[in-house]
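# Commentary on secondary and tertiary structure
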Amino acid sequence: MPPYSFTFHHAARCDILVAMRILSMFFLLSLGAVAAEKTIIHCFAFTPRPEATEADFKAYYEANEKLAKDYPGILRLWYGKLRSPLVQYRVDAETAKKFTDAAPKAEGITATRVRREHGACMEFKDAAAWTDYAKHPAHEAWTKVYDKVRVPGTTTYQILPTP
């Protein structure tokens with residue numbers, strides 16, 4: 001017999017097989033629970049105010065933690081400085097009308113370069129939690145602190161659950 005073989009009595013082998021089946025069943029059920037999750041991830045990137053102090057950012061970080069505690073719809077939260085800045089170009093509303101899916105380019109326009117350096121992502125338990133978040137008092141309190149560290153305007157997007 002090779003050194004890695006084991007010999008079991010029939011009853012012990014049955015107990016191990018039953019235990020393996022039970023563990024496999026729990027594993028498969030947990031996969032189904034993950035696949036059925038309907039969370040929404042809300043992310044945004046922002047440009048910091050040049051006059052924002054270290055104390056302002058400390059207050060913003062603390063406000064993020066408080067928001068996650070005070071609003072029950074937030075499951076997880078990430079925030080901080082972006083690994084590399086997100087650079088975008090903005091145009092005025094009239095110029096923006098020149099861009100369509102059929103005409104993705106426009107000539108002779110003036111654009112402003114925007115550099116996003118900080119960001120955050122929040123995972124919400126479902127669509128209703130994300131929708132209700134903007135009206136919640138905890139969000140209103142958080143916004144007052146957030147506005148002290150950011151130039152108005154953010155780049156925002158949501159990641160929807162996979163069907």
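Right, let's walk through the structure included here. Predicted model, so just to flag it, every value in this text is computed and none were measured. (Residues numbered from 1 in each chain as written. Predicted model: local features only at pLDDT ≥ 70, side-chain atom pairs only at ≥ 80, totals over all residues. Heavy atoms only, no water.)

### Points about the overall build of the protein chain
Broken down by element type, the protein chain carries five helices and four strands. Sequence-ordered secondary structure for the protein chain, helices as α and strands as β, is α-β-α-β-α-β-α-α-β. Across the 163 residues that make up the protein chain, the buried fraction comes to 23%. Partitioning the contacts of the protein chain with sequence separation of at least 6, the portion at a separation of at least 24 is 82%. (Helix = DSSP H or I, 4+ residues; strand = E, 2+ residues; numbered from the N terminus. Buried < 20%, exposed > 50% of the residue type's maximum accessible area, 1.4 Å probe, protein only. Contact = heavy atoms within 4.5 Å.)

### Here we look at the environment of phenylalanine 57
Here phenylalanine 57 lies in helix α2 (residues 54-70). When the C-alpha positions of phenylalanine 57 and tyrosine 146 are compared, they lie 8.6 Å apart, and in sequence the two are 89 residues distant. Residues in contact with phenylalanine 57, not counting those within four places in the same chain, are Phe46, Pro48, Ala52, His118 and Val149.

### Looking at the nonpolar core
Of all hydrophobic cores here, the largest spans 19 residues; its most connected members are Phe44, Tyr60, Leu67, Met122, Tyr133 and Trp142. Put simply, the parts of the chain that give this core at least two residues each are β1 (40-48), α2, β2 (74-90), β3 (112-124), α4 (127-133) and α5 (137-146). Element by element, the count of residues in this core is highest for α2, at four residues. (Core = buried A, V, L, I, M, F, W, Y, C linked by side-chain atoms within 4.5 Å.)

### Concerning the pattern of salt bridges
Tallying each qualifying case throughout the model produces eight salt bridges. Of the charged contacts, one joins glutamate 94 and lysine 97 as a salt bridge, the two residues approaching to 3.4 Å between their closest N and O atoms. Of the two residues, glutamate 94 and lysine 97, neither departs from the other in class, the shared state being exposed. Residue aspartate 132 is joined to lysine 135 by a salt bridge in which the shortest nitrogen-to-oxygen separation is 3.7 Å. (Salt bridge = Lys/Arg side-chain N within 4 Å of Asp/Glu carboxyl O.)

### Some thoughts on the packing of α2 against α5
Remark: α2 packs on α5, axes separated minimally by 9 Å, with the N-to-C direction vectors making an angle of 170 degrees. Classified by the angle their axes make, α2 and α5 are roughly antiparallel. When α2 is examined against α5, the residues Ala59, Tyr60, Ala63, Asn64, Leu67 and Asp70 are found in contact with a partner set consisting of Ala138, His139, Trp142, Val145 and Tyr146. Of the residues belonging to the contact of α2 with α5, the class tally is eight nonpolar, two polar and one charged. (Axes fitted to C-alpha atoms, helices over the stretch in contact; angles between N-to-C directions. Parallel < 35°, antiparallel > 145°, perpendicular 65-115°, else oblique. Nonpolar A, V, L, I, M, F, W, Y, C, P; charged D, E, K, R; others polar.)

### Regarding the pairing of β1
Counting buried positions along β1 yields eight of nine residues, so the element is predominantly enclosed. The pairing of β1 with β3 spans seven bridges and is antiparallel. Along β3, the bridge assignment pairs alanine 45 with glycine 119. Pairing of β1 with strand β4 (residues 150-159) involves seven bridges; the strand directions are antiparallel. Bridge pairing in β4 links phenylalanine 46 to threonine 154. (Pairing = 2+ DSSP bridges.)

### Digging into the side chain of threonine 155
Mapping threonine 155 onto the fold places it in strand β4. Among the polar contacts listed, one links the side chain of threonine 155 to the side chain of arginine 116, at a separation of 3.0 Å. With sequence-adjacent residues up to four places away left out, threonine 155 is seen in contact with Cys43, Phe44, Ala45, Leu86, Gln88 and Arg116. (Polar contact = N/O pair within 3.5 Å; in protein donor to acceptor, adjacent residues only side chain to side chain.)

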